Amino acid sequence: MTDRQAIRRLDYTAPAYLIDRVDLSFELDETDTRVSNRLVIKRNKGTAADTPLVLHGEGLQLDSLKLDGAPLPASAYQRDEHSLTIAAMPEEAILEIVTRVNPASNTSLMGLYVSGGNFFTQCEAEGFRKITYYLDRPDVMAKFTTTLIADRQKYPVLLSNGNRVGAGQMDRGRHWVKWVDPFRKPSYLFALVAGKLVAMSDSHVTASGRTVNVEVYVEPGNLDKCPHAVAAAKKAMQWDEERFGLEYDLDTYMIVAVSDFNMGAMENKGLNIFNTKYVLAKPDTATDADFDGIDSVVAHEYFHNWTGNRVTCRDWFQLSLKEGLTVYRDQEFSSDIGSRSVTRIQNVRALREYQFAEDAGPQAHPVRPDEYLEINNFYTWTVYEKGSEVVRMYATLLGREGFRRGMDLYFKRHDGQAVTCDDFRAAMADANHVNLDQFALWYSQAGTPHLDIEGEWHEAERSFTLTVRQSIPPTPGQHDKDPMHIPLALALIDRRGQPLPLQLSTQSAGEAAGDATERILELRQDCERFTFVNLPCHPVPSLLRDFSAPVTLAYPYSDDELVFLMTHDDDAFARWEAANNYAVRLMCAQYATATRGEAVSVPEAFSAAFRTLLEKPELDPALVALMLELPRENYLLEQLEEVDPVRLAQVCQQVRQQLARALRSQLLQRYQQLNDGQPYHYNGEQVARRSLKNVCLDYLAELDEGMTGDLLARQYQKADNMTDRLAALRALVNRGGGEAQLADFAHTWQGDALVMDKWFALQATSRRPGTLSRVQHLLEHPAFSLKNPNKVRALISAFCLQNPLHFHSADGYGYAFAADRIIELDAINPQIAARLATCFNRWTKVDLSRRALMRAELQRIKACAGLSPDTFEIVSKALAA
Ligand code: B3K
Ligand code: ZN
């Protein structure tokens, strides 16, 4: 049990006191760091004079406390586990607080901690209170000055936010560096780094002609893995100037890589701290997906400088204000520097696999949540990815220029402020003189809206009527929902694949009609009808083009219509979607077949559709690869009820095997064409070719033939890059072999933590028998550590969240393993434990005997004494399902 009270959005009140300036001084020591904190505090307007000052603080040893220069007697203040309260405060005061912390013992990786002998901080959301007493809330924005004092030899590099204004030598072999951040910021954006680091530097000249230094700091020996991150930062700077007119505002933009980090990266003002996974890369250690990931995370953190830092959140319920918007911006960046359609499909696929499941399960919450026990549990797929879809819908409704007008107004109104999602919506509405009141429901209603659509052809009138019904499923705490404002992009396609000019029956002669072949229908009611007139023939509708809204959609397409759309639709997303729908339909049907005890059998029409894709070399190989990749088990599980996940995984494999047999010669031919021996380059064309080549390889690996074994072994051995090597190794291991290659891989890469993460993950997600005992064994491997979040994600989370076949083993051992690890991790790092605990979220989806097993494990976790609020919140919500 936890004693924590839920925090509610509607209880928000403005801060009673504000902080104008903060002067921090750190005497860094691994086990005993001294933090001196001088605050210029003033009472906020409207605060009664007798209101006490309550500062946040956790795990701090208090050395001294002075108010306006005079030591405060113990009777003048109170302390408890979470706060320091001073009863009598003048209207304005200078408070000097000296505290001590032990960074070496901090395994939560929040606040100040040590990793690899260096110091790092992580303050978002509420980590600053583990460094010093403070008003640790985002609507208190202050100017920070930071002086770092440390041993010169052990910590030659001393970094903090803003500009470096001074440095010098001190007694006992120490040195100091002073930093001033000219911009007001909330405490969650504070950062310091100290240690033995080296930097790769470059510069960017902004549109207005200022030179900005770009510096990427890593541990010595890693400089050769920095160029991609440096280039990504420069591209992001250029892009934000061109697309949004936003320039960087300090002289130096710093990125520091650290291997112990709870998430991907953190946008601290001027000093972004990154998980090494999103910085370090070269072709023989990083896959194409890793390079993509670096581009998008570097861009994301850089973009936060405006959307998050210059304009920040009033309170943590508004988290999507910065996260949804910044994800939208990084997705647009990736679309512009790479392939727009591939980026969109990948983003939508991830949204549907993870966010839709979250929205349908016990942790469902609105994009702007209403309450939380632990805010760190709300850095979710809903706040980030659904939030980004909400931002994308503004752009869809208002057009690119309209969206830009809204952004310009948002910055004009709110630069330097802490604001709300409603402020953002108001800027979009006001800049475009439109009413977005109903659109507010996207922030307050949880659950994925569903559109049920029917089409009717009227031969005599040559018109086509679409009837669209919307509904939103109930979610925890929200039963009845109101209809939402949903942009539905559509086209009507004739039998030759030509999109037809769209004319609505309601359209007046004066309205711009003409030859537009795509329209955005703005849905606002439970049920609406749209009739398109003057059509030459009965069309096939292409619906929700480019995934214009985060909804599920049902339209009674025939199999033939799906095949038609997957080859003819002019919208790449819609083509992929047709292929995906067809595959989901096939696999759910085959699962039902298997459940009846009958044999799985892939109809020839389905193989034929895939064959066509393989036989057209003119198609974009990246899109073909995405269309050939079958929907994953976790996604299919969401489409079914009372599932036996092991049977589902077996059906998926049988479907893959049958497809591989039916398409053997086309797969082999395409593989050979694409395996052209070109030296590795990370560029769009090569990435696309490699993706299709490795999808072909993966299918071929299903064939029980010596030929495929040789092919895999050869690709593993000959590869000049990690993408190809890892693809071959994964397939070898899935076939139950690859022992020699696994050993070779570990031997080669034992000194590279990120590459070893791939080695762990590959074994944890393997479908070969005995995977759980292998994973248990690997917990003892010298390269594994429960204290390192990347390792936990690679081995434990990968097994529990991405290996349904073994996690859901009928004996319940997978569930017991997960629960044991969650309990163990909770004492080390509650955030990581809580994240892992989401592997039990969908326990009501599986069959009754598994349900009982999962539920029992959830109860076992919940009953543990001293459980963190993080894990408690996730587990108790799961049990309430
Ligand atoms: N804002 C950080 C996430 C902080 C997570 C705190 N538990 C990274 C990002 O979204 O850019
Ligand atoms: Zn972010």
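The following refers to the structure shown. (Residues numbered from 1 in each chain as written. Chains lettered and ligands numbered in written order. Predicted model: local features only at pLDDT ≥ 70, side-chain atom pairs only at ≥ 80, totals over all residues. Heavy atoms only, no water.)

1. Quick word on the site of ligand 1
Reasoning step 1: In the vicinity of ligand 1 lie 15 residues, with Glu124, Glu267, Glu301, Asn376 and Tyr384 positioned nearest.
Reasoning step 2: Here His304 contributes a side-chain N or O atom positioned 3.2 Å from an oxygen atom of ligand 1.
Reasoning step 3: For ligand 1, a nitrogen atom lies 3.4 Å from a polar atom in the side chain of Lys322.
Reasoning step 4: Relative to its unbound accessible area of 340 Å², ligand 1 is 95% covered by the protein chains.
Reasoning step 5: Of all the secondary structure elements, the ones that give two or more residues to the shell around ligand 1 are strand S20 (265-266), helix H2 (288-303) and helix H3 (319-337). (Near = heavy atom within 4 Å. Polar contact = N/O pair within 3.5 Å; in protein donor to acceptor, adjacent residues only side chain to side chain. Areas by Shrake-Rupley, 256 points an atom, 1.4 Å probe, with all protein chains shown as cover. Helix = DSSP H or I, 4+ residues; strand = E, 2+ residues; numbered from the N terminus.)

2. Notes on the coordination of the zinc ion (ligand 2)
When a metal carries six donors in an octahedron, the ideal angles between them are 90 or 180 degrees, while four donors in a tetrahedron ideally lie at 109.5 degrees.
Reasoning step 1: Donor atoms from the polypeptide that bind the zinc ion (ligand 2) are His300 (NE2), His304 (NE2) and Glu323 (OE), placed at 1.9 to 2.1 Å.
Reasoning step 2: Mapped onto the polypeptide sequence, the residues donating to the zinc ion (ligand 2) form the spacing pattern H-x3-H-x18-E. Taken together, the residues His304 in the loop between H2 and strand S22 (312-313) and Glu323 in helix H3 connect sequence positions 19 residues apart.
Reasoning step 3: The exposure class assigned to Glu323 is buried, which follows from its relative accessible area of 1%. (Donors = N, O, S within 2.8 Å, 3.2 Å for Na, K, Ca; no water. Buried < 20%, exposed > 50% of the residue type's maximum accessible area, 1.4 Å probe, protein only.)

3. Some thoughts on helix H25 (residues 848-862)
Reasoning step 1: Over its 15 residues, H25 extends 21 Å from the first C-alpha to the last, a length consistent with the 21 Å expected when each residue adds 1.5 Å.
Reasoning step 2: Burial in H25 covers these residues: Arg850, Met854, Glu857, Leu858 and Ile861. Each buried residue of H25 sits inside an arc of 100 degrees when the element is viewed along its axis, so together they form one side. Opposite the packed face of H25, turned more than 90 degrees from it, sit the exposed residues Leu848 and Ser849.
Reasoning step 3: Buried positions along H25 lie against helix H13 (645-662), helix H22 (804-807), helix H23 (813-826) and helix H26 (869-879). (Expected span 1.5 Å × (residues − 1). Arc of directions from axis to C-beta. Contact = heavy atoms within 4.5 Å.)

4. Observations regarding the sheet that holds strand S4 (residues 53-56)
Reasoning step 1: As summarised here, the arrangement of the three strands in space is S4-S8-S7, forming an open sheet in which the pairing is antiparallel. Because the sheet does not close on itself, it has two edges, and the strands there are S4 and strand S7 (77-79). Within the sheet, the average angular offset between the axes of one strand and its neighbour, ignoring direction, is 15 degrees.
Reasoning step 2: As paired elements, S4 and strand S8 (residues 83-86) share four bridges and run antiparallel to each other. Bridging from a neighbouring strand, His56 pairs with Ser83 of S8. (Pairing = 2+ DSSP bridges. Axes fitted to C-alpha atoms, helices over the stretch in contact; angles between N-to-C directions.)

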